[in-house]
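Understanding the architecture of this molecule
Chain residues, written in single-letter form:
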Amino acid sequence: MAEQGLLLVISGPSGCGKDTIIHEVLQHLDGEGFLSVSMTTRPKRGEEVHGVHYYFVSEAEFLQNVQNDQMLEYAQYGENYYGTPVGPIRALLSQGKTVILNIEVTGGKNVRRLLPFAVEVFVAPPSLKELRRRLEKRGTETPDAIETRMEIATRELACAKDYDYIVINDALEDAVQDVLAIIRTSKLKKENMLNKLSEVTDYAES
Ligand code: 5GP
């Protein structure tokens, strides 16, 4: 049987570059890593594709999924609901894969409580000024929505201390290498290695 995979939670303020870091990390993991596709009630943005970036659903459908225990966790962010469908995660972890959850801090807290083996990384921007600049440059939010995201960001930064690791996204490639190092180290934790060690000792005794 494949050993249990790695569940990696990545949180951080909107605009801090989480999505780009995750995209690059998945390229490096080359088929061994998967991004959990969340369900949301927020409207589609730009080039986003249903089933790839999110499952875009109505509020009624979202709440139905919550009621049917289909969500590992969910949270309200701004005006909208976001949640993690549990089925695909169970399947991928049982195949020994690395699964990345790109979720906000309430979700991070809930996953920590429900699945303590999850490894949690907080991605921070180099400064709030730089975060605002990135959100404005992205151009996907109205000025009001940017203000809301900046307010949420300040609250989110206060939660960084509850995460296992903090990565500051100043230079993208450094941040990507930091996350890859966290993944490599987490896979070497004794909880993940004891099975392999018993193979080593069995071999020595035979
Ligand atoms: P955005 O609207 O920019 O795509 O996402 C807004 C926030 O929702 C981001 O911080 C993102 O990480 C978070 N988010 C996305 N999917 C989920 C989810 O399934 N659960 C939770 N708790 N947060 C999510």
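For the structure itself, look to the data block above.
Residues numbered from 1 in each chain as written. Predicted model: local features only at pLDDT ≥ 70, side-chain atom pairs only at ≥ 80, totals over all residues. Heavy atoms only, no water.

**Notes on the sheet that holds strand E5 (residues 71-77)**
With respect to topology, four strands assemble into an open sheet ordered E4-E3-E6-E5, the strand pairing being mixed. The outermost strands of the open sheet, each flanked by one partner alone, are strand E4 (54-56) and E5. Here the strands of the sheet are splayed against their neighbours by 25° on average, with no regard to which way each runs. Where strand E3 (residues 38-40) lies against E4, three bridges are found, and the strand directions are parallel. Counted as the bridge partner of Ser 38 is Tyr 54 from E4. (Pairing = 2+ DSSP bridges. Helix = DSSP H or I, 4+ residues; strand = E, 2+ residues; numbered from the N terminus. Axes fitted to C-alpha atoms, helices over the stretch in contact; angles between N-to-C directions.)

**Some details on unusual backbone geometry**
Of note, the phi angle at Asp 30 is positive, near 50°, even though the residue is not glycine. Looking at the secondary structure, you find Asp 30 in the loop between helix H1 (18-29) and strand E2 (33-35). For Asp 30, a relative accessible area of 66% corresponds to the exposed category. For Asp 69, which is not glycine, the phi torsion reads 60° and is therefore positive. When you line up the elements, Asp 69 lands in the loop between helix H2 (59-67) and E5. Overall, Asp 69 belongs to the exposed group, its relative accessible area being 63%. (Buried < 20%, exposed > 50% of the residue type's maximum accessible area, 1.4 Å probe, protein only.)

**Focus on the side chain of Glu 120**
By the element assignment, Glu 120 lies in strand E8 (residues 119-124). When near neighbours in sequence (up to four residues on either side) are disregarded, Glu 120 contacts Val 9, Gly 108, Val 111, Arg 112, Tyr 163, Asp 164 and Tyr 165. (Contact = heavy atoms within 4.5 Å.)

**A few points about a nonpolar patch on the surface**
A cluster of nonpolar side chains, Leu 194, Leu 197 and Val 200, forms an exposed patch at the surface whose accessible area comes to about 290 Å². Turning to its location among the elements, Leu 197 is positioned in helix H8 (residues 190-205). (Patch = residues over 30% accessible without salt bridge, like charges linked within 9 Å, V, L, I, M, F, W, Y side chains within 5 Å. Areas by Shrake-Rupley, 256 points an atom, 1.4 Å probe, with all protein chains shown as cover. Salt bridge = Lys/Arg side-chain N within 4 Å of Asp/Glu carboxyl O.)

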